[in-house]
Structure formats: C-alpha cells, structure tokens
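A closer look at the structure
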Amino acid sequence: YMDQDRLAEATEWLQEALRIFRLEYGEYDGTVGATLGNLGEICRLQGKLEEALTHHKKALRIHRRVHGSESKAVGSALSSVASCLFNQGLYDRAMEKHEEACECFRNLFGEENEDVAAVMGNMASVLEKMGKDDEAIEVGEKALAIQRKCLGPDHDSVAISLLNLGDSYRQQGFLDKALVKLEEGIGIVRRAHAERHSLEGRFLESLGNVYYNQDKLDEGLAMYKKAIRIYNKTVGPESAEVGRVLCSVAIELQRQDKFDEALAKYSEALAIHRGALGNEHDEVALLLYNTAVCKEQAGDPEGAKVCLRDARDTFKRRGVAVGVAKKVTAMLARLEAAAAAP
C-alpha cells in the first residue's frame, strides 16, 4: 500500500500490526520500532509532522534500547527524525541528527558506504536551506562520489544525487554545470528503466527550470509538458508531482505578468495538492503563499489576505514559524496595515 501511495490503508494495517506486536513482544522490540518508523514516514508524507516526529522518536528510543547506540536501525531512525525536523524548518536540529546518523553509519561501515552517502545527501539539502550553498555542493559531490563507487554508475541513487546537485547548481546560477548534472542523470534513468519512470519526470521538471532561468521559455515549457505527460502515466494526473509542475508553470506565467493565466494554474495545482497531500501539508501552505503574491500583483489584496490567513493557520497548526511561514506572517501584517491606514 505504501508503494502504491495508498497511505490511509497502509496506516490501518500498520496500526493493527503495531497492536499485535506490542501484545506479542512488548514495547521494546525491534519489530515495534520498525512499525513505528513506518507509521512516522506515512505521517511525514501526509504533512502530519508533529505526529511523525513522535513516532520516529519512539522508534529511536526502542532501537537504542534493543540494539545499542550504534546499529543500522539507530542510524536510520536518527535520519528519519532529522527528515521530520527538516520539513518543520528546524534546520540546525535536523543537521545535528543527520550528523549523528552519519557518524553512526561511519563507525559501522566505514566512510565509503551507501548509507553514509545517503545521509550526506540529506545533509547537503539542509546546508542549502541554511544558505550554505558552497558547503552543500561540496557535501553533495562527496556523496555522489561514494555512491558511484559503492553502487555503480547507473544506480537510481546516483541519478537522484545528480538531480539534487543539478538543482543546487541552478539555484546558485551555475546553469551550465546544472545542465551537465541533469543530462547525465536523465541518461541514467532512461538506461535503467525500460518503461517510463517518475524519476524521469523529475529530471524533465528540473531541466525546465534551467531553461527558464536561461530565458529559453519555449524549451522550458516543453520540458514541463513532457514531465506532466510522464507523471500522468506513472503516478497519475491527480498526483502531487503534477501539482508541483503546474505550480512551476504558474510561477513562469507570473514572471511574464500573465496574472490571470498564472492564477488559473495556481488554482489547479492547489486543488491537486489538497487532494494528494491533504490540507496540512507544507506544499499546500507554500502554494497558498505563492498564490497570495500573485493576487497582490494582480491588484487583489483582499484575495491575497484570504490565502495568507489560510497558509498562516496551516503553519501554526504544524508548529512551523520559520522560512515561508515567516514570509507569510510578514506579508499578511503588511497588507493588513495598508488596509487599516487612513
């Protein structure tokens, strides 16, 4: 069910399994810890970050008691806790947990290990969010080198690292380097998967972003359209992936001052995201913020405030007060102050 994104059904089965395992083995058992970890991952995917963090912390305590302070289960649980903290925008705490996980895996397996590389890739994402772009790329390149050595040149994990590095180089303005990484990565995906694969869609999406940054608007739109076609075939037309690409299209239309067209795409993307991710997910709140910015630019500050209040309330319920949540609060205060001014 998890592989099919049928998360509600997966949750029911896991909760029943957890009940049985606790009756059979007690609280401090590896199967209980593993089941809590799976429940935590489902909650994270659904945007229920506090609940996810609770599950992962319980799993970590169990694995430490059952397996000791250094085991693969402990390292994986530390990494899962870090991912929840990352999604909450708590980047310093996320980095601390990733560093613990990385040290755990290094002590167990040595430096050149796929688990070490996976955590390093996550650390690169955290560093990027912290504004430490040069460090992020350095760590990401090290992770990629380890993966090439441990997994071979045509592994999906290598492709994903190339995707992340391509995005990092693009965000820093190194568009030629970004294209090199992305073109190598999409080649790996096409060689490794005879059928269309959703990962190819992610590469096409990122290539579209690069082309737009190069002001090659037609090429960028063509990449987005290809990405949507692949997502429609692989993960479905109502998937979060399709919603994400529609949001990218909306952003580019907004940059061209085509506000009505942009708002139509934002509305379509928001409906898909609400259905695929639920109303409490951070991507939904981000879309509301983007829509608010577009509405203000289109001369609709009242509509912008409606979106901002919805986004603010979502972030509050999730306990997030940094990143986009901070921008939402500031923009809403500015618009409300402008409306109250004589």
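Relevant structure appears above.
Our subject in this report is the structure included herewith. (Residues numbered from 1 in each chain as written. Predicted model: local features only at pLDDT ≥ 70, side-chain atom pairs only at ≥ 80, totals over all residues. Heavy atoms only, no water.)

**Side note on the packing of helix 4 (residues 72–87) against helix 5 (residues 91–109)**
Orientation of helix 4 relative to helix 5, taken along the N-to-C sense of each, is 165°, at an axis distance of 8 Å. On the basis of their axis angle, the class for helix 4 and helix 5 is roughly antiparallel. Where helix 4 crosses over helix 5, the two elements pack in a sense that is left-handed. Residues Lys72, Gly75, Ser76, Leu78, Ser79, Val81, Ala82, Ser83, Leu85 and Phe86 of helix 4 touch helix 5, and the partners they reach there are Tyr91, Arg93, Ala94, Lys97, His98, Glu100, Ala101, Cys104, Phe105, Leu108 and Phe109. Its residues assigned to classes, the contact of helix 4 with helix 5 shows 12 nonpolar, 5 polar and 4 charged. (Axes fitted to C-alpha atoms, helices over the stretch in contact; angles between N-to-C directions. Helix = DSSP H or I, 4+ residues; strand = E, 2+ residues; numbered from the N terminus. Parallel < 35°, antiparallel > 145°, perpendicular 65-115°, else oblique. Left-handed = near helix turned anticlockwise from the far one by under 90°. Contact = heavy atoms within 4.5 Å. Nonpolar A, V, L, I, M, F, W, Y, C, P; charged D, E, K, R; others polar.)

**Observations concerning the packing of helix 13 (residues 259–277) against helix 14 (residues 282–297)**
Contact pair helix 13 / helix 14: the axes reach a minimum separation of 10 Å and the direction vectors enclose 165°. As far as their axial angle goes, helix 14 and helix 13 are roughly antiparallel. Along this stretch, helix 13 crosses helix 14, giving a crossing that reads as left-handed. For the pair formed by helix 13 and helix 14, the contact residues are Phe259, Ala262, Leu263, Tyr266, Ala269, Leu270, His273, Arg274 and Leu277 on the first element and Glu283, Val284, Leu287, Leu288, Asn290, Thr291, Cys294, Lys295 and Gln297 on the second. Residue composition of the contact of helix 13 with helix 14, grouped by class: 11 nonpolar, 4 polar and 3 charged.

**Points about helix 16 (residues 324–340)**
Across its 17 residues, helix 16 extends 24 Å between first and last C-alpha, which sits within 8% of the 24 Å expected from 1.5 Å per residue. Lining the buried residues of helix 16 we find helix 14 and helix 15 (301–318). (Expected span 1.5 Å × (residues − 1).)

**With respect to unusual backbone geometry**
Residues other than glycine seldom take positive phi values, yet aspartate 215 does so here, at roughly 65°. Given the relative accessible area of 65%, aspartate 215 is considered exposed. The backbone of aspartate 257 shows a phi angle near 65°, a positive value even though the residue is not glycine. Classification of aspartate 257 by relative accessible area gives exposed; the value is 55%. (Buried < 20%, exposed > 50% of the residue type's maximum accessible area, 1.4 Å probe, protein only.)

**So, the side chain of histidine 98**
Relative to the assigned elements, histidine 98 resides in helix 5. The residues touching histidine 98, leaving out its near neighbours within four places in the chain, are Ser79, Ala82, Ser83, Val119, Asn122, Met123 and Val126.

**A short note on the side chain of asparagine 113**
Looking at the secondary structure, you find asparagine 113 in the loop between helix 5 and helix 6 (114–129). On the accessibility criterion, asparagine 113 (13% relative accessible area) is buried. Here asparagine 113 is in contact with Ile146 and Cys150, once residues within four sequence places are set aside.

**Observations concerning the state of the cysteines**
Here the structure, examined in full by the defined rule, presents 0 disulfides. For cysteine 150, which is in no disulfide, the shortest distance to another cysteine sulfur is to cysteine 102 and amounts to 12 Å. Given a relative accessible area of 33%, cysteine 150 falls into the partly exposed group. (Disulfide = S-S within 2.5 Å.)

**What about the pattern of salt bridges?**
The full count for this structure, using the stated rule, is 23 salt bridges. Here arginine 244 makes a salt bridge to glutamate 205, at a shortest N to O gap of 2.8 Å. With arginine 244 in helix 12 (residues 240–255) and glutamate 205 in helix 10 (residues 198–213), this residue pair connects regions lying 39 residues apart in the sequence. With relative accessibility at 31%, the residue arginine 244 sits in the partly exposed group. Its relative accessible area of 6% is what places glutamate 205 among the buried residues. (Salt bridge = Lys/Arg side-chain N within 4 Å of Asp/Glu carboxyl O.)

**What to know about the environment of aspartate 167**
Mapping aspartate 167 onto the fold places it in helix 8 (residues 156–171). The class of aspartate 167 is buried, set by a relative accessible area of 19%. Note: C-alpha distance between aspartate 167 and asparagine 209 (42 residues apart in sequence) is 8.7 Å. Of the polar contacts made by the side chain of aspartate 167, one reaches the side chain of serine 206; its length is 2.8 Å. (Polar contact = N/O pair within 3.5 Å; in protein donor to acceptor, adjacent residues only side chain to side chain.)

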